[in-house]
Amino acid sequence: MAIVESVVELLLQKIADPIIREAIFLHGVGDQVEWLEAEFKRMQCFLEDADAKQEGDRRVKGWVGNVRDVAYDAEDVIDTFLFKVVTLRRTGFVGCIKRYACIFNELIARHQVGSKIERIKSKIRKISESRSTYGIENIGQGAGTSSAGRSHQEWRLTSPLSQETDFVGFEKELEMLVSQLTEGELRRCVVSVVGMGGLGKTTLVKKLYNADTVKKHFHIHAWISVSQEYSARDLLQTITKRCMVLSKEQLKLVEKMDVLELRDKISQYLNDKRYLVVLDDIWKREAWDALKYAFPDVNNGSRVVLTTRIKDVALYADPRSCPHELRFLTNEESWDLFCQKTLILGQDGGCQQDLEKLGREIVEKCHGLPLAIAVVGGLLSGKEPREWENVRKSIRWQFVQGEVQISSILSLSYKDLPYYLKPCFLYLGNFPEDYEFKAKELIRLWAAEGFLKERERLTLEEVGEDYLMQLVHRSMVQLTRRSSSRGIKSCRIHDLLRDLSLSEAKESKFLEVQGDNGNAPPASRARRLAIHLNDPRKLKIKQLSTPHLRSMLIYTQGDTYLQEERRKFLFQGFKLLRVLYTDGVQKSELPKQIGELIHLRYLGCTKTRIKTLPSSIGNLINLQTLFVESSNKIGVPETIGKMHQLRHLQFTLRRGVIGGHPRLDLISNLQTLSRVSAGKWMEGCLGKLTNLRKLKILFETGADVELFYEAIVNLNCLHHLSVLMSVEARDNEDRYLFLSLPNLSHLLKLSKLHLGGKLETLPEFPTNLTKLTLEESWLVEDPMATLEKLKNLRILRLSSDSYIRKEMTCSAQGFPRLESLYLYKLDELEEWRVDEGAMPSLLHLQIYACNQLKKLPEGLQHVTTLKKLELWFMPYEFKARVREDGGEDWYKIRHIPSIDIHDIY
C-alpha cells in the first residue's frame, strides 16, 4: 500500500514543480490543478493508517486501490497536457496560418484537460464519500495496529524450524560462535547473527544455546522472542520469569511492576552471575534500548545474543562486536538438508534415481535458502514421484502466490520497509534473474522515477546510496562488491525475494515483466514494463503499447538487433516515458523521434553500434542521465548543451566525441562526464563544471593538455578522475603528452585516480586517495617512495610500463591501509624488496607478466594479513621457486590461504 503513498507523493511533487506550475497556470487550468493538489494532500493523511489496516480488511484495500487509480489518472492528464503544449509550441509558430492553428489547438487541449480534471474531481468526491459507505471512516484517526507482528509470532511457534533438530552447513559458524561465547573478552558482549528471513538464524542460535559447552559455561540462560511488535514490559516480565525461579506470590508482584522496576529487579539478580540471554528476532533499535539496562556489565564474561534481519540493529547494540552475517547453503549442503526433511535416503544412503533427479532440480530452485528447502522438503515427504514433478513445475508459483509459509516470511520483510523504500525494492523486479546490477545505475534509475527526495546537504545520489544501504542492511538486497571507498559497487537480489517484488508490484500495478513471447500485454494501468528477451527479433512491441507507460527497460541476450521499423516505434510509441533503457536493441543510430519524449529523465542504450546521436536529443530538457555503450566512436551534437537538467553523461567501450563547442557549462548539475574526448569545447567550459564528481577524459593529441590543466584547478568536487591517452595517441609522438601533470592535492574529495600517459615525476596526490592506477607512465624513479606515504590508499595498480627500472622497494611502515596490489607487465623489474612492517593490511597481491622478476620479496613472509596471491604468466624459473614441494620461495608464502598460479610457462 505504501506504493500508493509514493504515487500520491510523486504526483504532488510534479504539481509543485515550478516549470510545470508555470505551464499549467499559463494555459488556464491552474485552479483545477490546485484543487487536485489540495485533495490529494488530504488523502495523504489517511494513507499511512490504511497501510496498517488493509492487510486484514478488503474494504480498506479496495479504497486504497481507488486512490491509486485516480492518482494515476491525474498524472496522465497533466503529463499528456504538457506533452501536447510543448509539441504544439515547438512546431506551430511558423507562419501566420500555423500560428493561429497552434492557438486553436491549445484551446482544444485546454478544454480537454479541463473536462478530464472535472471527471477526476468527481471520482475523488466519490472516493471520499465511499469511506463512510464502506464503514471505514475511522481511517486516519490514529495509527492502526498491524497484524504482521502477531501473525509472524504465531508462525514462529509452528515453523518447521522452530523446534529444528536437523542442522546442516553451519558447523564452522557454530564453532566460531561457541568460542565467542565462552572465550575472549570479559566485558558483556553482544553477539549478533544477521541475515534475511529463512536463512537459519534461529536454528543456528538454538544449536548454540543448547550446546553442552555453552550450557556449562553460563549460570543463567534465557531465550526471548522479540519480533516486530513488542511490549517492553511484557518482554522484561518474560526475562524475569525465565531467569528466576518465582513463587506464585512473586509472579503476581512481577506482573504489577512497571518497566523501570522490572529492569532493576533483573539487573540486581544477574549482577553476580554469568548469564546468557538470547533475544531472537529483534527488529528495532528501540527494542534494544528498552532492554539493555537489564543486563549488567560486571566483567565476568556474560553474553547477550541477538538474531536480526537488520544489520544496523546489531551494530547499534554493540559497535565493538562484528555481526555474524549468515550465508546461503552450498548445493551439497542444500541437498543434505533436503534429504533430511524428505527422508528419501534409504539405509544404504541411496535413493531412487528418479527422485534424486527431481529433488536436485527442486533444491536448485531454493537457491540455498534453508527455510525454503525445509518447507518444500516437508511438503514432499512421503509423496509419490508424480507429485514431486508437480511441485517442481509450480514451486516458483507457490512461493509467490500460494500459502506456503515461505511466502509470508519473505513478505513480512517487505511489509516492514518504510514507505519510501517499498518502491525502491519493487523496482528490483525489473532486473533479470541473477542479474548483478551496478549501484550507481540503480540509483540513477530511482532518481529518474522520482523515488528519491533531496535532503539538506545531500544530493539525490547520496540519498539513493543511503536507501540502497538500508535495503542491504535489512537483507533485502545482497551486496556483491564494494568500491575502494567502502561504498556499494554492485548488488543482486535473491530469486525468492525477486519473486516477492514481482508479486507485490503486479498487484499494485507498479510493474509488469514479460519474456520472449510478448503475448500477454501489460496490465492496463501498469506504469512500468520490463522485457527480458533471448532474441530481440521476437519483441512484439506493438502489442505492448499503452498510453500509461512511464518506464520501459529491455534486456536481451545475444548479438541480434531489432528491425528498423520496430526501433522507430520503440522511440516514438510511448509519449509519456520517464525511463527508457534498451540493451542490444539498436544498431548504428538513434532515430530523431527520440526528441519527442519530453518527459524522459533516463536514457540508456547498451550493446549498440551507435555512431551518432541526433540533434533532436537536445529537446530532452528533463533528461538526468544519458548513458550510451557503443563499439564505435560516438558523435555528440552541440544541442546537448540545452539539456540543463543533465546530471550524468556517460559513454563506454570506446569514447564519445563532443562536436563543435557546445555550452556544457550551462549544465550546472552535471556530475558525470565519462569517456569524452578532449577538444576545444573545454576552453572556458570544463572549468565551470564545478559539480563534476566523475571525469573520464581521453586525449588524442597533446594540443589540448593546457586547457585541461587550467580547468582541473576548479573541479574541487571530483571523486573519480581518469586522464588517458587514446589508442591512436599511444602509437605516435603524443604518447609522451603528460610530462608535467599539475598538483592534485587540492582535490580533497578525490578518491579514485587513473593516469594513462608518460610522467616525468609523480604529481602531489590528495590525502583521501583510495584507489590509484598508473599506466604507461614510464617512470624512472621508484614510485613506491611516494605512493607508500598515501595513508588512505587501499588499491594500487601499476600497469603496462608504469615503471621502467630494475629495482623497487616497499619500506617499513609504508602503505598502512593498502589491501590490494597489482603489478602488471612491469617488463624491466628484476628485484622487488619488501621491508618487514610494510603493507600491514595487504589482503590480495597479483603479479602479472613481470617477466624479469627473479623471485618473491623476502619480506612477504611478514605480511601475515595476506589472504590471496595470484601469479599470472610468470616465467618457468619463477614458478619453480614457489612450488610447495621444495621451492626456494615457498617459506615466504606458505601462510597465505589462497595461492593461484595461472598459465605459467
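Bear in mind that the values here come from a model prediction, so they are computed numbers and not experimental data.

Caption draft 1: View of the overall build of the protein. Along the backbone of the protein there are 28 helices and 29 strands. Per-residue burial for the protein yields a buried fraction of 55% across its 905 residues. When contacts within the protein are restricted to residue pairs at least 6 apart in sequence, those whose partners lie at least 24 apart make up 62%.

Caption draft 2: How the structure looks around the sheet that holds strand 7 (residues 478-482). Read across the open sheet, the three strands follow the order 6-8-7; overall the sheet is antiparallel. Only two strands of the sheet have a single neighbouring strand rather than two, namely strand 6 (437-438) and strand 7. Where strand 6 meets strand 8 (residues 488-492), two bridges bridge the pair, whose relative direction is antiparallel. The residue bridging K438 from the neighbouring strand is S490, located in strand 8. Running over the sheet, helix 22 (residues 460-473) touches strand 7 and strand 8 and is turned about 50 degrees from strand 8.

Caption draft 3: Inspection of the pattern of salt bridges at higher detail. This model, assessed by the stated rule, comprises 30 salt bridges. Taking the shortest distance from any N to any O, the salt bridge between R187 and D318 comes out at 3.2 Å. Here R187, found in the loop between helix 7 (171-182) and strand 1 (189-194), pairs with D318, found in the loop between helix 14 (311-317) and strand 5 (324-325); they are 131 residues apart in sequence, far enough to count as distant. Judged on exposure class, the residue R187 and its partner D318 are both buried. Because the salt bridges share partners, they merge into one network encompassing E858, R881, E888, D889 and K892.

Caption draft 4: Spotlight on the sheet that holds strand 2 (residues 220-225). Strand order in the open sheet formed by five strands is 2-3-4-1-5, with parallel pairing between adjacent strands. In this open sheet, the two strands that pair with only one neighbour each are strand 2 and strand 5. Where strand 2 meets strand 3 (residues 275-280), six bridges bridge the pair, whose relative direction is parallel. Paired with A222 across the strands is V277, a residue of strand 3. Contacting strand 1, strand 2, strand 3 and strand 4 (303-308), helix 8 (residues 201-209) crosses the sheet at an angle of about 165 degrees to strand 2.

Caption draft 5: Unusual backbone geometry, seen in detail. Look at K509: it is not a glycine, yet its phi comes out positive at around 60 degrees. By the element assignment, K509 lies in the loop between helix 23 (495-507) and strand 9 (512-514). Taking relative accessible area as the criterion, K509 reaches 23% and is therefore assigned partly exposed.

Caption draft 6: Representation of helix 12 (residues 259-270). Look at helix 12: 17 Å from first C-alpha to last across twelve residues, which is about the 16 Å you get at 1.5 Å a residue. Buried residues of helix 12: L262, R263, I266, S267 and L270, and no others. The arc that holds every buried residue of helix 12, seen down its axis, measures 125 degrees, which confines them to one face. Opposite the packed face of helix 12, turned more than 90 degrees from it, sit the exposed residues L260 and Q268. Along its buried surface, helix 12 packs onto strand 2, helix 10 (232-243), helix 11 (248-256), strand 3 and helix 13 (285-291). The opening residue of helix 12, the one whose side-chain oxygen lies 3.2 Å from the backbone nitrogen of L260, is D258.

Caption draft 7: Region of the structure containing helix 25 (residues 705-712). Of all eight residues making up helix 25, six are buried, and the element is well covered by its neighbours. When helix 25 is considered as a whole, its buried residues turn out to be V705, L707, F708, Y709, A711 and I712.

Caption draft 8: The side chain of R647, seen in detail. If you trace the backbone, R647 turns up in the loop between strand 15 (634-636) and strand 16 (648-653). Take R647: its relative accessible area is 10%, and that puts it in the buried class. At 3.0 Å, the side chain of R647 forms a polar contact with the side chain of E461. Look past the residues within four positions of R647 in its chain and what remains in contact with it is E454, T459, L460, E461, Q624, N669, L670, Q671 and T672.

Caption draft 9: Seen up close, the environment of V513. On the secondary structure map, V513 appears in strand 9. Given the relative accessible area of 26%, V513 is considered partly exposed. Leave out the neighbours within four places in its chain, and V513 touches G429, R498, L502, A530 and H532.

Caption draft 10: Spatial organisation of the confidence of the model for the protein. Summary statistics for the protein give a mean pLDDT of 80 and a share of 79% for residues scoring 70 or more. Here residues 92-104 scores under 50 on pLDDT; set against residues more than four positions off or in separate chains, the count is seven contacts. Predicted confidence is poor over residues 397-404, with pLDDT under 50, and the contacts of this stretch with residues over four places away or in other chains come to 15 contacts.

Caption draft 11: Structural context of the packing of aromatic side chains. Scanning the model with the defined rule gives 21 aromatic pairs in all. Considering the side-chain rings of F338 and W388, the 5.7 Å spacing of their centres and the 80 degrees angle between planes classify their relative orientation as edge-to-face. Of the two residues, F338 is situated in helix 15 (residues 331-342) and W388 in helix 18 (residues 385-401); the sequence distance between them amounts to 50 residues. Taking relative accessible area as the criterion, F338 reaches 0% and is therefore assigned buried. According to the relative accessible area criterion, W388 is buried, its value standing at 1%. Between F451 and F510, the ring centres sit 6.0 Å apart and the planes meet at 25 degrees, which makes this aromatic pair stacked. You can see F451 sitting in the loop between helix 21 (439-449) and helix 22 and its partner F510 sitting in the loop between helix 23 and strand 9, a full 59 residues away along the chain. Note on accessibility: F451 and F510 belong to one class, buried. A network of ring pairs unites the aromatic residues F431, Y435, F437, Y555 and Y581 as a single cluster. We note K273 situated over the ring of Y269; from NZ or CZ to the ring centre the distance is 4.0 Å.

Caption draft 12: Just the nonpolar core, in detail. Core analysis: the biggest nonpolar cluster contains 111 residues, and F40, F338, F425, Y427, W446 and L471 have the highest contact counts within it. Counting residues per element, this core draws most heavily on helix 4 (residues 58-92), which supplies eleven residues. Those residues within four positions of W446 in sequence are excluded, and the remaining contacts are C424, Y427, F451, L452, G464, Y467, L468 and L471. Core analysis: the second largest hydrophobic core is formed by 106 residues, M643, L774, L842 and C850 among them.

Caption draft 13: Structural detail: the pairing of strand 19 (residues 694-699). Burial analysis of strand 19 places five of its six residues in the buried class, the great majority of the element. Pairing between strand 18 (residues 672-677) and strand 19: five bridges, direction parallel. Bridge pairing links V676 to I697 in strand 19. Read as a crossover between parallel neighbours, the route from strand 19 over helix 25 to strand 20 (residues 720-725) is right-handed.

About the cut-offs
- Residues numbered from 1 in each chain as written.
- Predicted model: local features only at pLDDT ≥ 70, side-chain atom pairs only at ≥ 80, totals over all residues.
- Heavy atoms only, no water.
- Helix = DSSP H or I, 4+ residues; strand = E, 2+ residues; numbered from the N terminus.
- Buried < 20%, exposed > 50% of the residue type's maximum accessible area, 1.4 Å probe, protein only.
- Contact = heavy atoms within 4.5 Å.
- Pairing = 2+ DSSP bridges.
- Axes fitted to C-alpha atoms, helices over the stretch in contact; angles between N-to-C directions.
- Salt bridge = Lys/Arg side-chain N within 4 Å of Asp/Glu carboxyl O.
- Expected span 1.5 Å × (residues − 1).
- Arc of directions from axis to C-beta.
- Polar contact = N/O pair within 3.5 Å; in protein donor to acceptor, adjacent residues only side chain to side chain.
- pLDDT = per-residue confidence, 0-100.
- Phe/Tyr/Trp six-rings, centres within 6.5 Å; stacked < 30°, edge-to-face > 60°.
- Lys NZ or Arg CZ within 6 Å of the ring centre and 35° of its normal.
- Core = buried A, V, L, I, M, F, W, Y, C linked by side-chain atoms within 4.5 Å.
- Right-handed = clockwise from strand over helix to strand, strands pointing away.

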